Amino acid sequence: MIGGDFNENLLVTSNNKRSKYVPEFINECKLKTQNVGKTFIHSNGSDCTSIDYILYPEHFSDNILHLRRLEITSNISDHYPVCANIKFSYSMKTNQYIKSNNGQTVRKIDWQKIDKALYKQVLSDEIDKCDYTISDLLEIYKAVTNINNAVSRALTSIVPPPKGKKQRQQLVDARTMDSKLLFQLIKKQRGKLNRFIDELQFGESNLKGDNNILGGWKTHFENLAKESNPMNFDQDYFQLVDAEYHQIIQICLVAYKHEGVTTEELQNALNKLNRNKSADIFGITAECLLFGGEKLDSILLKVINASFQHCHISNNLKIGTLTPIFKNKGDISNSKNYRGITITPSMSKIIETILKLRINPNILEDQNPLQRGFTKNTAPLIASLIMEEFKRESKDLNKPTIYGMLDAKSAFDVVRHTNLIRKLYHLGISEQCILMIDNIYKDATSKIKWKGNTSDAFNIEQGVRQGGTLSADLYKVYVNQLLNNFVESKLGGKIGSISCCAPTCADDIAIVGNNPFDIQVLINMAYDYSQREGYLLQPEKKCYFTD
């Protein structure tokens with residue numbers, strides 16, 4: 001159906017071109033309409049002509065119950081609204097459900113309306129049905145599977161029936177009694193649909209159809225996840241790093257001491273999990289574990305301690321579901337303009353959070369003060385403040401202000417794991433934490449989630465997951481030496497005696513100075529560093545600008 005202002009009276013024949021083209025279009029497409037009277041209001045306040053219509057296919061005529069002009073006293077437009085009442089059949093697919101890894105349908109739960117005491121009791125009964133004896137790595141896998149299955153069965157037992165009828169009635173009531181609410185509901189639904197495209201530009205190909213687009217996404221993110229060694233990178237340095245990585249792992253295996261996870265650490269990790277987020281591939285959310293009660297906490301502590309003792313994370317906790325997210329710049333149909341946000345299993349988030357709590361003090365102590373991204377008690381805006389203060393300082397001293405803007409391409413996706421482990425070791429992270437972080441990315445996989453469908457799994461050979469609990473901290477460690485090199489060079493901008501040569505927010509670097517030579521040397525230094533560490537730095541569209 002097509003509706004709107006056609007700027008032409010379709011019921012009156014005239015000699016202008018539009019009067020001929022529109023009827024030809026209607027006849028060619030076998031469309032029909034009805035006369036609802038005059039719909040346009042002259043500037044003198046009188047109804048003067050009919051130019052607003054709703055067109056529909058001829059074969060749909062029997063479904064048009066009524067087509068009319070609406071009389072709305074509050075209307076301030078110079079057009080009358082035109083309304084069509086139609087009958088049609090549809091199936092409602094709400095966001096109340098998600099599909100778990102085993103194909104079962106799992107509710108997205110409003111935990112404010114759940115009897116949490118009942119959930120604890122049912123889950124406790126389900127936990128008692130399984131054995132959680134752990135003596136080897138295979139039994140860690142089985143224990144994780146048993147926990148996920150117990151939680152899923154408990155949810156199925158206590159979640160109330162769907163409210164599809166109530167939601168449909170809400171739409172009907174809003175249509176007749178609350179137009180504001182109706183448009184809010186429509187806008188909300190449009191927002192969800194706008195995230196999806198019907199054509200994907202991938203390389204030289206334009207892919208159409210949901211299955212082809214899903215395959216395109218899989219290939220795109222699978223290529224990013226493959227370890228890449230472009231020929232212009234320092235291959236000799238890579239070989240040295242890889243050899244040192246193997247030595248570090250052997251040292252850690254011999255030297256590590258098991259530092260058990262305490263009840264307090266588990267509770268801190270549970271409380272830090274983000275709530276009201278999408279479920280993982282097993283249909284489990286943070287709330288499922290947070291509200292599970294003492295028996296679930298006891299089993300979780302046992303399984304997690306076994307993982308830390310063996311420095312091993314079960315493969316069923318390394319399966320991520322990746323959703324492509326548009327960056328809000330460039331062509332929405334181009335795969336290059338998307339980043340992938342990965343949802344990892346909720347139990348693995350607990351492990352990552354415990355590791356984060358253990359290693360974060362070391363990272364913050366060593367972190368260069370120019371790094372302002374992903375850091376507690378600071379904000380990315382501080383990087384802009386440093387640039388503004390440098391500009392003011394330069395103006396007071398009658399010096400030019402020069403900025404060079406650099407961005408790390410697909411930064412989180414191209415972190416070399418061996419380089420990362422080497423940096424963690426030299427940072428002084430404990431052997432146990434290094435082995436655990438190394439194991440997180442061994443045999444890790446992802447599946448693409450698109451329009452409710454899921455692709456086959458592919459291996460993650462490089463990068464840290466976008467949205468991962470540890471990812472931001474690990475990336476900061478990965479680039480920290482570059483900022484140290486900048487400061488040690490004594491080049492670039494200063495505010496007083498304080499170096500402000502490169503205010504940085506995660507993967508965005510602003511190189512500042514008072515002369516082009518400093519800027520160019522620092523940019524070359526950044527390129528050399530990135531090529532050794534295995535990622536690409538690229539200039540922004542405005543690489544230099546001066547004041």
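Residues numbered from 1 in each chain as written. Predicted model: local features only at pLDDT ≥ 70, side-chain atom pairs only at ≥ 80, totals over all residues. Heavy atoms only, no water.

Engineer: Describe the pairing of strand β15 (residues 445-450), naming the residues involved and giving the relevant values.
Structural biologist: For β15, the buried fraction is high: five of the six residues fall into the buried class. Bridge count between β15 and strand β17 (residues 458-459): two bridges; the pairing is antiparallel. In the sheet register, Ser446 faces β17, and the bridge partner there is Phe458. As paired elements, β15 and strand β16 (residues 453-454) share two bridges and run antiparallel to each other. Each residue of the ladder has a partner; that of Trp450, found in β16, is Asn453. Here β15 folds back onto β16, and the loop between the two strands holds two residues, one of which, Lys451, carries a positive phi near 55°. (Buried < 20%, exposed > 50% of the residue type's maximum accessible area, 1.4 Å probe, protein only. Helix = DSSP H or I, 4+ residues; strand = E, 2+ residues; numbered from the N terminus. Pairing = 2+ DSSP bridges.)

Engineer: How would you sum up the pattern of salt bridges? Please name residues and give values.
Structural biologist: Considering all chains together, one arrives at 17 salt bridges under this definition. Note that Lys295 is salt-bridged to Asp128, the shortest N-O span being 3.0 Å. Placement of the pair is Lys295 in helix α10 (residues 294-310) and Asp128 in the loop between α2 (116-127) and α3 (137-158), with a sequence separation of 167 residues. The class of Lys295 is partly exposed, set by a relative accessible area of 33%. In this structure, Lys451 and Asp210 form a salt bridge, with 3.3 Å as the shortest nitrogen-oxygen distance. Taken together, the positions of Lys451 in the loop between β15 and β16 and Asp210 in helix α6 (residues 210-225) put the pair 241 residues apart, joining distant regions of the chain. Asp210 gets classed as partly exposed once you look at its relative accessible area, which sits at 35%. Through salt bridges that share partners, Asp47, Arg69 and Glu71 make up one connected network. (Salt bridge = Lys/Arg side-chain N within 4 Å of Asp/Glu carboxyl O.)

Engineer: Before we move on, could you go through the nonpolar core and cite the residues and values that matter?
Structural biologist: If you look at the biggest cluster of nonpolar residues, it comprises 96 residues, and the most contacted ones within it are Tyr119, Ile147, Ile350, Leu355, Leu424, Phe486 and Tyr535. In terms of residue count, α3 provides more of this core than any other element does, nine residues in total. With residues near it in sequence (within four places) discarded, Tyr535 still touches Phe233, Ala408, Val414, Tyr478, Val479, Leu482, Tyr529 and Ser530. If you look at the next biggest cluster of nonpolar residues, it comprises 15 residues, including Leu200, Leu207, Trp217 and Tyr338. (Core = buried A, V, L, I, M, F, W, Y, C linked by side-chain atoms within 4.5 Å. Contact = heavy atoms within 4.5 Å.)

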